[in-house]
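Residue-level listing of the chains:
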Amino acid sequence: VKYLLEELDALLRGKRTGAADLAGGDIRFGLPVSLQAIAILGGVYGLCMGLFALTSGRSDAWLQVVASGLKLPALFLLTLLVTCPSLYVFSALAGSHLRFGPVLRLLMATLAVTVAVGASLAPILAFFTLSSKNYSFMVLLNVVFLGAAGLVGLLFLRRSLLALMMAANAPESGEGAPPLAPPLEPGLESAAPVEAGLYRSLATAGPRAPAGHPARRQASGLRIFRMWLVAYAVVGAQMGWLLRPFIGEPGAPFTWFRPRESSFFLAVVQHLFGFLR
Amino acid sequence: VRRVLAFAVTRKSAAEVLRTLAGDGALEAAPLVAAILLGGSLYGAFMGTYACNSPERLKMVAYAAVKVPLLVLATTALCLPGFFVFNTVAGLRDAFARALRAILAGQAGSAVALASLGPLIRIVYSSGVSHRWALLANSALFTLATLGGHMVLLRQYRRLVGEEPRHRLMLRLWLGMYAFVGTQLGWMLRPFVGAPGLPVTFFRDEPFSNAYVAIAQLLM
């Protein structure tokens, strides 16, 4: 546990994704550590999420708590399992030069960061869960907390992916540009050092950078990041929908899974109206 | 009074804590927490003296004296893990201890300001105001004390922001989280003043409810 915490701490502090750490084009954050972190921290968040069922006073409420503790890590891992092949293939097509191992380790590390942020918000979630009776409020609060955790995870992924792209492509700098690379979009031509930090904006570097230039690699990295973002978000939302219920609607009997109906986005809008009604 | 406030636990005098809050003096967590506990309790005790005309009502004095520091410290404890991880991810871990002491200093500032306003609320109660006006007066004094504490917090945070602008975002994040959780906890810990005629209880004789749902229902 101590090793796990130390490794996770180093990851959160950016000590595994600095320019020097990624020099070989690989990320030094093992899959077993990521897997344990996702299982434990995701489980903690899931348990707090499922606590809402206890407020209903039903005898099988604890089943929902256990189910949520198992389902939340499963949601993240299954989504990655489904999307990983396509994420890798499309990043290769976009000319990333990244190997499969580093891509998988980077994505798992991103999930570890995401669940760590989620678990850190779990005390607040548990507090509201145990003091609220309003189901719609709890659904919205979970959407906000998981959204915040996801946002931090994405910022981590963006920064780390760009740093990894720079490190992986460094030996080939000066060679030809990736064959499929389209012209750079305005606003993407950034040449600032990638380790500049999470919230620092990237400086612009002229209208069109030459092939092999850091700006080209960054633009390529950003393109890959966007593709991953869309693919993971769409699959993740649907996977989350398939794995319902996570919170457990009051009055409804416990089930491991619900019948397939409606969609994630429609449900968020419905709960927004439910909360305001 | 200074002797009374001299903190046996931390061996810091009240004057030292006040000097710290005013900006010149090294910050330490322990005296700041002691200031929150003592200052909050003192105001809470004054706050609970509304319509204190029976031994039963004396219990409200003790309850309120516990509730005010509990509200501050429990809210902080609930928000701290998230704040810690956000600071770490933003690359501000090395300054986290200072950020935390800045936050505690802000809360200690509020607590000391509240304590100083305690006699004032007693005067308000003595002038025979209704329960509704007592609540309003307490809200006004809480707001005033919070503003005082916020000045301390900003003064402490200014140095951090000067070293690294990302602290500004973290400060806003903290204020957002703290207000969000504090509102609900304050709602759960009612009554603080205690309506005359109702039995004196630590929590209301009703299941916990959600403050935001109550506000939304009032608005709709």
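Conventions adopted
- Residues numbered from 1 in each chain as written.
- Chains lettered and ligands numbered in written order.
- Predicted model: local features only at pLDDT ≥ 70, side-chain atom pairs only at ≥ 80, totals over all residues.
- Heavy atoms only, no water.
- Helix = DSSP H or I, 4+ residues; strand = E, 2+ residues; numbered from the N terminus.
- Rg over C-alpha atoms; globule rule 2.2 N^0.38 Å.
- Buried < 20%, exposed > 50% of the residue type's maximum accessible area, 1.4 Å probe, protein only.
- Contact = heavy atoms within 4.5 Å.
- Areas by Shrake-Rupley, 256 points an atom, 1.4 Å probe, with all protein chains shown as cover.
- Lys, Arg positive; Asp, Glu negative; His and termini not counted.
- Charge placed at Lys NZ, Arg CZ, Asp CG, Glu CD.
- Axes fitted to C-alpha atoms, helices over the stretch in contact; angles between N-to-C directions.
- Left-handed = near helix turned anticlockwise from the far one by under 90°.
- Nonpolar A, V, L, I, M, F, W, Y, C, P; charged D, E, K, R; others polar.
- Phe/Tyr/Trp six-rings, centres within 6.5 Å; stacked < 30°, edge-to-face > 60°.
- Core = buried A, V, L, I, M, F, W, Y, C linked by side-chain atoms within 4.5 Å.
- Buried area = accessible area lost by both parts, 1.4 Å probe.
- Salt bridge = Lys/Arg side-chain N within 4 Å of Asp/Glu carboxyl O.
- Polar contact = N/O pair within 3.5 Å; in protein donor to acceptor, adjacent residues only side chain to side chain.

Caption draft 1: Structural context of the overall build of chain B. Helices and strands together make up the secondary structure of chain B, namely eight helices and zero strands. For chain B, the sequential pattern of α-helices and β-strands runs α-α-α-α-α-α-α-α. Here chain B has a C-alpha radius of gyration of 18 Å; the compact-globule value for 220 residues is 17 Å, and the two agree. Its C-alpha atoms put chain B at 55 × 50 × 25 Å along the principal axes. By the burial criterion, 47% of the 220 residues in chain B qualify as buried. Residue pairs at least 24 apart in sequence account for 73% of intrachain contacts in chain B once pairs closer than 6 positions are excluded. Carbon and sulfur atoms form 68% of the exposed surface of chain B, whose accessible area is close to 10800 Å². When the 21 basic and 9 acidic side-chain charges of chain B are each reduced to a single mean position, those positions are 5 Å apart.

Caption draft 2: Representation of the packing of helix α3 (residues 61–93) of chain A against helix α4 (residues 100–131) of chain A within the structure. Residue and element names in this part refer to chain A. The N-to-C vectors of α3 and α4 enclose an angle of 150 degrees; their axes lie 11 Å apart at closest approach. Considering only the axes of α3 and α4, their crossing is right-handed. Contact residues: α3 offers F76, L77, L80, C84, L87 and Y88, while α4 offers F100, V103, L104, L107, M108, L111, T114 and V115. Tallied by class, the residues present in the contact of α3 with α4 amount to 13 nonpolar, one polar and no charged.

Caption draft 3: Broad picture of the packing of aromatic side chains. Residue and element names in this part refer to chain B. Evaluated as defined, the whole model comprises 16 aromatic pairs over all chains. Here F83 and F96 contribute two aromatic rings whose centre-to-centre distance is 5.8 Å and whose plane-to-plane angle is 50 degrees, an arrangement assigned as tilted. Residue F83 is found in helix α4 (residues 55–89), and its partner F96 is found in helix α5 (residues 96–126); the two are separated by 13 residues along the sequence. A residue is classified by how much of its surface remains accessible, and F83, at 0% relative accessible area, is buried.

Caption draft 4: Molecular detail of the nonpolar core. Counting residues in each nonpolar core, the largest one holds 110 residues, and the members touching the most others are F128 and W228 of chain A together with Y157 of chain B. Broken down by element, the residue count for this core peaks at 19 residues, all from α4 of chain A. Those residues within four positions of W228 of chain A in sequence are excluded, and the remaining contacts are L87, S91, V103, L106, L107, L157 and L161 of chain A. The next biggest cluster of nonpolar side chains, apart from the first, holds 10 residues, and it includes L21, V72, A108 and V152 of chain B.

Caption draft 5: Inspection of the interface of chain A and chain B at higher detail. With 25 residues of chain A at the contact, the number on the chain B side is 28 residues. Between chain A and chain B, a total of about 2400 Å² is buried, with carbon and sulfur atoms accounting for 73% of that surface. If you look at where chain A meets chain B, you find two salt bridges. R13 of chain A serves as the salt-bridge partner of D94 of chain B, at 2.8 Å between the closest nitrogen and oxygen. The interface formed by chain A and chain B includes five residue pairs in polar contact (both at pLDDT 80 or more). At the level of secondary structure, the elements contributing two or more residues to the side of chain A that touches chain B comprise α1 (2–12), α4, α5 (135–169) and α7 (264–276) of chain A. In terms of residue count, α4 of chain A provides more of the side of chain A that touches chain B than any other element does, nine residues in total. Of the residues belonging to the side of chain A that touches chain B, the class tally is 16 nonpolar, four polar and five charged.

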